[in-house]
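What follows is the residue order along each chain.
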Amino acid sequence: MVNISRHQKGFTLVELVTVIVILGVLATSVSSFLRFGTQSYTDASDREALIGTARFLIERLNREVRHALPNSIRTIGDDDQCLEFMPIDKSVIYLDIPVAPEAAGNSISVLMLDRPLSSTTSYVSVYALNSADIYSRQSGVVERFSSVVNANDKAQPSTINFANNILFQAESPTNRLYFIAGPVSYCLENKVVYRYEGYNDGDYTSNGTPGLSARRVMMAEYIENYSSAGNIAPFQTFPATLQRNGLALIQFKFVRNLEEIVFSNEIQVPNVP
């Protein structure tokens, strides 16, 4: 028989199991705490990223749409997924324009600032009352010019020359003439908002969005709302009236992981045609 000294010490099975259980409970508590902290940090990061993206998109839309040609904002594409407008390169005061029953002419005088026109600007618009005339380049409302002789002094008249004789349909109540180039669109496609520019007149896809000639830049992502899914349409427009300016209503629902932010913004387009 083997004699075991009564002074020899060790752990019993019960003690070992007890220690293992205690360590397991502690490990679970610590891991839960760490997981909660990590999740909180992730949620805060997602929320901050969504807010930053939303603010950038809304601020960019505000700046561009407010400087659009009066009466040019409209929705296009399936379920109004795009907001389209005609940016203004420069707004000037004209001294006189040919209007019926006057004789047609191939030049007009305006008061301009010394800032040069953009290289892509090739049209002028006077008293455009609806988007159909603007985007179809209706003669007498939107005319293509051939050159501008700028006096570089607002006190001195500058001359806009046209290749052919033109005749505008009506005078502007404020003698306002706008220099414009091509349209710009913001479109919601597959949860991403893209900005389109540089596309040709009439260059649209089968679903009404800008065509292949357009230059596309991503502006924001993680956007869930879309009218075809039964949610709120991202863009709505309301024409100007005698009592108020034109309105563009922007509504986006940003969703990322468990974070959800809804932005609703109203943009007023000055009604000074």
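Please refer to the structure placed before this passage.
Residues numbered from 1 in each chain as written. Predicted model: local features only at pLDDT ≥ 70, side-chain atom pairs only at ≥ 80, totals over all residues. Heavy atoms only, no water.

Asks: Could you clarify how one ought to interpret the sheet that holds strand β12 (residues 215–220) in this entry?
Replies: Strand pairing in a sheet is mediated by backbone hydrogen bonds. Such pairs are either parallel or antiparallel. Spatial ordering of the open sheet is given by β1-β2-β10-β11-β12, a layout of five strands whose pairing is antiparallel. Looking at strand neighbours, the two that pair on one side only are β1 (74–76) and β12, the edges of this open sheet. Between one strand and the next, the sheet's axes are offset by a mean angle of 25°, whatever the strand orientation. Two elements, strand β10 (residues 184–189) and strand β11 (residues 192–197), share six bridges in a ladder whose sense is antiparallel. Of the residues in β11, the one forming a bridge with Val-184 is Glu-197. (Pairing = 2+ DSSP bridges. Helix = DSSP H or I, 4+ residues; strand = E, 2+ residues; numbered from the N terminus. Axes fitted to C-alpha atoms, helices over the stretch in contact; angles between N-to-C directions.)

Asks: Can you walk me through the sheet that holds strand β6 (residues 142–144) in this structure?
Replies: With antiparallel pairing, the seven strands of this open sheet are ordered in space as β6-β5-β9-β3-β4-β8-β7. At either margin of the open sheet sits one strand with a lone partner, and together these are β6 and β7 (147–149). Strand-to-strand twist in this sheet, taken as the mean axis angle between neighbours without regard to direction, amounts to 35°. Summarising the sheet, strand β3 (residues 88–96) and strand β9 (residues 176–180) pair through five bridges and their orientation is antiparallel. Its bridge partner lying in β9, Ile-93 is registered against Arg-176.

Asks: I'm lost on the side chain of Ser-185 in this one. Help?
Replies: Secondary-structure assignment places Ser-185 in strand β10. Sequence-distant contacts of Ser-185, defined by excluding residues within four places in its chain, comprise Ile-76, Leu-83, Glu-84, Tyr-194, Arg-195, Tyr-196, Tyr-199 and Pro-210. (Contact = heavy atoms within 4.5 Å.)

Asks: What is the right way to look at the state of the cysteines in this model?
Replies: Between two cysteines, a covalent bond joining their sulfur atoms is known as a disulfide. Counted under the stated rule, the structure contains one disulfide. What pairs with Cys-82 in a disulfide is Cys-187, and their sulfur atoms sit 2.0 Å apart. On the sign convention where negative means left-handed, the S-S torsion of about 115° between Cys-82 and Cys-187 marks this disulfide as right-handed. With Cys-82 in strand β2 (residues 82–85) and Cys-187 in strand β10, this pair connects stretches of sequence that are 105 residues apart. (Disulfide = S-S within 2.5 Å.)

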